[in-house]
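Breakdown of the fold
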Amino acid sequence: MPTRRIPAALALAAAIVLTTTACGGGSASSGSNSSPKTLTYWASNQGTSLENDKQVLEPELRKFEQQTGIKVNLEVIPWSDLLNRILAATASGQGPDVLNIGNTWSASLQATGALLPFDQATFDRIGGKDRFLPATIASAGAAGKDPAAVPLYSMAYGLYYNKKLFQAAGIANPPATWDELVADGKKLTTGSQYGLAIEGGNVSENVHHAFTLGMQHGTGFYDAAGKPQFDSPQAVAAVKQYVDFIATDRIAAPGNAEYAANQSVTDFATGKAAMLMWQAAGANLKSHGMNPDDYGVAPVPVPAGSSGPQATSSMVAGINLAVFKNTKNLDGALSFVKFMTGDDEQKLLNSTYGSLPPVKAAQADPAFATPELKTLAGVLSTGAAPLPQVASESQFETLVGTAVKNLLASAAAGKPVTEAAVKAELSKAQQQMPAN
Amino acid sequence: MTRYRTALPYLLLLPALAAELLIHLVPMLVGSVMSLKQLTQFFIRDWSAAPWTGLANYRTAVDFDAPVGRALLDSFGVTCAFTVLSVGLSWLIGTTAAIMMQDAFRGRGLLRAAFLLPYALPVFTAVITWTFMFQRDTGLINHVLHDQLHLVGDKPFWLIGGNSFWALLTVSVWRSWPFAFLTLTAGLQNIPRELYEAAAMDGAGVWQQIRRITLPSLRPVNQVLVLVLFLWTFNDFNTPFVLFGKAAPKAADLISIHIYQSSFVTWNFGAGSAMSVLLLLFLLLVTAGYLVATNRRRGADD
Amino acid sequence: MIDPPASFRWLRRAVLLVLAVFTLTPVAVMLSSSLKPLQDVQGPWRWIPSHPTLRPYVDIWTTVPLARYFTNSLIVAGSATGLSVLIALLAGYAVSRHRFRGRRLFTVTVLSTQMFPGILFLLPLFLIFVSIGNSTGIALYGSRGGLILTYLTFSLPFSIWMLAGYLDSIPRDLDEAASVDGCGPIRTLVQIVVPAAMPGIIAVAVYAFMTAWGEVLFASVLTNDETRTLAVGLQGYATQTDVYWNQVMAASLVVSLPVVAGFLLLQRYLVAGLTAGAVK
């Protein structure tokens, strides 16, 4: 082969690939029913391990097969891989029929156009929109658009407190305002024990708390037109308040700044910290040997005298169930969604995973009448707001979460974290957002 | 028969060429095409329909006054410093160990086996163990430095903040020096013993033998070794990713992680591809320069 | 070296001791942690387990399908190694023994692919795999085949480079003698060159195996539950609720054992092989 032809051959090969990938890609249009007997379902890791999830889900999938004759191929995907896998599936059109997504990704994934929109007619086919809590529907896609998914498992943040340690410090009730929390935290902070444990190295945890505090200060990190406002005075105040738990209040251990493997839950369970802000931690605490009687759960504090959005004490946390638009079994996929969001499955799955059913009728079940879940259900129905449902949500989570992580790292290293420093870090995050 | 003779080398190359085309070259070209597009999540589903943006992604990447370019430049700087130190140290330790283990002594085989362990352990395993050791409150490193040796007053952080650079460097050197050791051990075996004997007759001590005989003889091996180490270290993704996760601390924000964050985590594949292409151009330039420089020096010495 | 003085010997002992500690500490940590219950692992560091247990070694098999991941990794890394060596040997033989047009272009191109940042071609590669699947029905995405193909190519550049160099150092008289005896080029390669190049081939094989064994990024996108490899699968011990440190360490030791053993068996070939390849 004469050498000069090699670049030409390369270019030709590239051109062929470009055209075939374009055709093979997502341009395949909306769903069909050409393969009515099987479904592929990607589940997220909700239980103690991937195998545990399989043990929970497989009997249910068999039930579904008995009812409908549709065989569901299950793959449980670890969180570390899930978004990449969805991305790859979106880009190639080669994906599952039904999949779990973190509900905060809803609007981002909605923007790709790869997910089936749940319009009125589609909702009717799965039993209607009214069955779900409004807050959970609000976190299934951008406002004013048909949701890109339906809620499957819901959670909310609560303030977990160690009853024994509170008693020992002479504190009768859990704090309801931040002033109280800091005051209590200082009382509870002794040599080896701290008032509060936070998961400072975990980008998502950081951004969730920053968001809740932001709402309390009057910002949702985006303006009404959907433009990022990461470094508004309110956002700076919110982030500073969070960082100050380590920096000035010193009620959280400096070591918390690097926690990213749920060490804060361990610290709370082992009595190294007296309070923890977490979503549905019950099952997790139990596995660390902490009895439900040993801790109480209250809503996360809010500023004194606040009301309305300023009294938000949690984001709407949870998992949504979405249908890939180019599924080859649209009817089957929707029956499966209906099955999974039916009252029976909702009760069974949510009680197994320690989460709350987003379906109102299922919440009445006694399985969810524990003190912990009752508190969290109250938060979810009245005190929770969805994270910004904008296309750039994943960038927001990464950039602001990382900014908070960096600030916590400085605070933990004993450097003063001033308002200006917080603002600078947040401005930098904002400027890295794509222009449109 | 002669036609067969002419075709033979191409036939032999065919499998390699096909594999390289499919896995490296064509995807690489596709990636370069992507870098000219505005490939965000709005277009990922049908990316051939994504709007062309010309060189806009490149302009953003090299606009060092704006935060994106600034961050990329910082990350590039960190990567360069990290690579130079890691390759330098790996090479130094590898050379030292190889020279010191050149002569037989009791337990040499066992020690050599031990030295090769880091190279034989899977990346994830090795790095997750280091992560475990670097934890501030419960990790081994601080236990030894603080509790046992009392070398530091307050327990330092290793996985966040400025020290994360040194943590990353430690792990990287730990993982790559055995390869240098191995290669150089091999290289040393090619040096004829007579050379040393002659030098010893001339009254050269150990250090002079090392300087006059060992090091010059290793030069061709080093040329290859340093280049390979450089490319591995510069492009290393696994080590920082397992050590720090998706959001690396600023001091340890290696370019591979940075680009990963710019494309996979924030879903802007156009920008990520543009950064990768720039990185590739840089590596090609460095490699070409390196090969020219080392070959010329080798030529001058001969 | 001739007659190292006592001072050099003492220095040597000290340096090698420090290096041994540096190298082996993480291995000791793995061993110690794998024998502790999770609560002890999450607590402050202790060298000697206070409640030694073998439980993690039992649990590792049920927390994640470790046996399946291990099998996948063995199949993928093993096949990628075999094919990579074969392809590199053919190419290296061509480059070393034949003079032909495009030879330099080939070597330079192949070498330059060693520089490609993986992140640049991960998504395109995935798209290509899928489109090949859609148009020909050959499933590369999600299959072991696709991963094998990917990994064998990853190790090709360095392998060709090393083998070509190694073959250069084998005297040509050997092949010429064979061809006088009437052997065709392929028979010469198989019967004469391969045995002579065995150390170099082993060296390349170890390199190719390690490349495939540890890769994380591509495996996480190109595999599914059935075909997931160890490098990715081990991350399954870090779950939604906990990081099972003790199990990660136990599993790591268990899966590394056969590899390390095989590696150590082959190391003397590797040493001999690299010599010739690198000195070229």
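Because the structure is predicted, anything quoted here is derived from the model rather than measured. (Residues numbered from 1 in each chain as written. Chains lettered and ligands numbered in written order. Predicted model: local features only at pLDDT ≥ 70, side-chain atom pairs only at ≥ 80, totals over all residues.)

So, on to the environment of Leu281(B). As for its placement among the helices and strands, Leu281(B) is situated in helix H13 (residues 269-301). Taking the C-alpha atoms as reference points, Leu281(B) and Leu117(B), 164 residues apart in sequence, are found 34 Å from one another. (Helix = DSSP H or I, 4+ residues; strand = E, 2+ residues; numbered from the N terminus.)

Right, let's talk about the UniProt feature "transmembrane region" (unreviewed entry) in chain B for a bit. Residues and elements named next belong to chain B. Within the UniProt annotation, "transmembrane region" (unreviewed entry) is assigned to residues 76-101, 113-135, 155-174, 217-234 and 269-293. Secondary structure within residues 76-101 divides into 96% helix and 0% strand; the distance between the first and last C-alpha atoms comes to 37 Å. As annotated, residues 269-293 comprises 100% helix and 0% strand, and the C-alpha atoms at either end are separated by 36 Å. (UniProt positions renumbered as here; feature names shortened; annotations may be inferred.)

At the junction of the two partners, chain A supplies 32 residues and chain C supplies 29 residues. Within the residue set of the side of chain A that touches chain C, elements represented by two or more residues are helix H1 (5-24), helix H2 (50-68), strand S2 (71-77), helix H3 (79-92) and helix H12 (282-287) of chain A. Here the side of chain A that touches chain C gets 8 residues from one element, more than from any other, and that element is H3(A). Residue composition of the side of chain A that touches chain C, grouped by class: 11 nonpolar, 17 polar and 4 charged. (Contact = placed C-beta atoms within 7 Å. Nonpolar A, V, L, I, M, F, W, Y, C, P; charged D, E, K, R; others polar.)

Compared with the 18 Å implied by 1.5 Å per residue over 13 residues, the 18 Å span of helix H4 (residues 108-120) of chain B between its first and last C-alpha is a close match. When H4(B) is considered as a whole, its buried residues turn out to be Arg112(B), Phe115(B), Leu116(B), Pro118(B), Tyr119(B) and Ala120(B). (Expected span 1.5 Å × (residues − 1). Buried ≥ 20, exposed ≤ 12 C-beta atoms within 10 Å, placed from the backbone.)

The next point concerns the UniProt feature "domain: ABC transmembrane type-1" (unreviewed entry) in chain B. The positions UniProt marks with the feature "domain: ABC transmembrane type-1" (unreviewed entry) are residues 76-290 of chain B. Across residues 76-290 of chain B, the secondary structure splits into 75% helix and 0% strand, with the terminal C-alpha atoms separated by 19 Å.

A few words now on the packing of helix H10 (residues 233-247) of chain A against helix H17 (residues 393-412) of chain A. All names here are of chain A. Where H10 meets H17, the closest approach of the two axes is 9 Å, and the angle between their N-to-C directions is 30°. Comparing their axes, H17 and H10 come out roughly parallel. For the pair H10 and H17, the sense of crossing is right-handed. For the pair H10 and H17, contact is made by Val239, Tyr242, Val243, Ile246 and Ala247 and by Val404, Leu407, Leu408, Ala411 and Ala412, respectively. Tallied by class, residues from the contact of H10 with H17 come to 10 nonpolar, no polar and no charged. (Axes fitted to C-alpha atoms, helices over the stretch in contact; angles between N-to-C directions. Parallel < 35°, antiparallel > 145°, perpendicular 65-115°, else oblique. Left-handed = near helix turned anticlockwise from the far one by under 90°.)

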